[in-house]
Amino acid sequence: MLRAAVILLFVANVLVFAWNKGWIAGASSSAPRLDQQIHPERLSLLNQKAVTALAARSCLELGPLIGDELLKRANATLAAAGIPSAAIESRSVDTGGVWALATIKMPSKDFRERKEETYRNAKIAFEPLQGFPDEQPTLVLSKHDSEAAAQAALDGMTKRAYKGLRVLRLQEPLQQTTLRLSRLDGVQTGKLNALANPPWGEKRKDCAVEASSAPAEASAAASGSAAGSGASR
């Protein structure tokens, strides 16, 4: 009898020890659940002002963003901020490049001096080409916002018997894109405001929030219902 009691007490102690160690099935899963449970003391209720701020809608225009690489970075940043691509309106325009009516690359100092003297005598304005080290020395007679305009200027000079001229592209046409976020909620706006050095930099401005279609649809439904009631009378 005493021996059986000792054995039962020993078994009970082993079971309690195993339970505390999580060795018994089902016991080990309780610890993660305890870690994941909500702690009421850590929660705080939002006041009406905070609720209103989160529910408020705002509109932002970002850009213009020049080039494809900057546009990709901006879209990736917005996605990371939880703004879906469907909520982003993209507006792109192509900016004209810059073309110049310029001399050929002048082979010597003497050649350059004779060209400059010719243009001064004819009262034709010119300036040294800036940048483009592989094209130096070169004189620029005029700049144009399209290749066709520069070519027309070259044709005009050719008719006047001026030689040694060409059309030189100074700047390639670029695409500028503006991103419009027309209905941002308070959380999304907060995330954008917290970004450090976003791809669009300081190029952001407020815009008019697009009205939700829900009130209009509700009004239309109400009107339709009223009309139906009137017809049934």
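The structure displayed is predicted, hence computed values, not measured ones.

Turning our attention to the confidence of the model for the protein chain. Of all residues in the protein chain, 71% attain a pLDDT of 70 or more, and the chain-wide mean is 79. In the predicted structure, residues 213-233 sits below a pLDDT of 50 and forms 0 contacts with residues beyond four places in sequence or in another chain.

Across all of its chains, the model carries 10 salt bridges by this definition. A salt bridge links E61 to R180, with the shortest nitrogen-to-oxygen separation between them at 2.9 Å. Here the residue E61 occupies a position in strand β1 (residues 58-66), and R180 occupies one in strand β7 (residues 174-184), the gap between them amounting to 119 residues. R180 shares its class with E61; the two are buried. Residue E135 pairs with R166 through a salt bridge whose shortest N-O separation is 2.9 Å. Residue E135 is located in the loop between β4 (127-128) and β5 (139-144), and its partner R166 is located in strand β6 (residues 165-171); the two are separated by 31 residues in the primary sequence. By relative accessible area, R166 is classed as buried at 19%. Salt bridges here are not isolated pairs; linked through shared partners, they connect E61, E89, R91, R180 and K205.

As a further point, take the state of the cysteines. Applying the stated criterion across every chain yields a total of 1 disulfide. The residue that forms a disulfide with C59 is C207, at a sulfur-sulfur distance of 1.8 Å. Its S-S torsion of approximately -85° makes the covalent link between C59 and C207 left-handed. With a gap of 148 residues between them, C59 in strand β1 and C207 in the loop between β8 (204-206) and α8 (213-232) connect regions that are remote in the sequence.

Each value, and the rule that gives it
- Residue numbers here run from 1 along each chain, matching the order of that chain's written sequence.
- With pLDDT at 70 or above as the cut-off, local features in this predicted model cover only qualifying residues; side-chain atom pairs require 80 or more to be listed or tallied, and sums for whole chains, interfaces and linings still use all residues.
- Remark: hydrogens and water are excluded; side-chain values derive from all non-hydrogen atoms of the structure.
- A score from 0 to 100, pLDDT tells how confident the predictor is in each residue.
- Throughout, a contact is declared for two residues whenever any of their heavy atoms are within 4.5 Å.
- For this document, the term salt bridge refers to a Lys or Arg side-chain nitrogen within 4 Å of an Asp or Glu carboxyl oxygen.
- Where helices and strands are cited, they refer to DSSP runs of H or I of at least four residues and of E of at least two residues respectively, numbered from the N terminus.
- Exposure classes here rest on a 1.4 Å probe applied to the protein chains alone. A residue is buried below 20% of its type maximum, exposed above 50%, and partly exposed in between.
- A pair of cysteine sulfur atoms is labelled a disulfide when the two atoms are within 2.5 Å.

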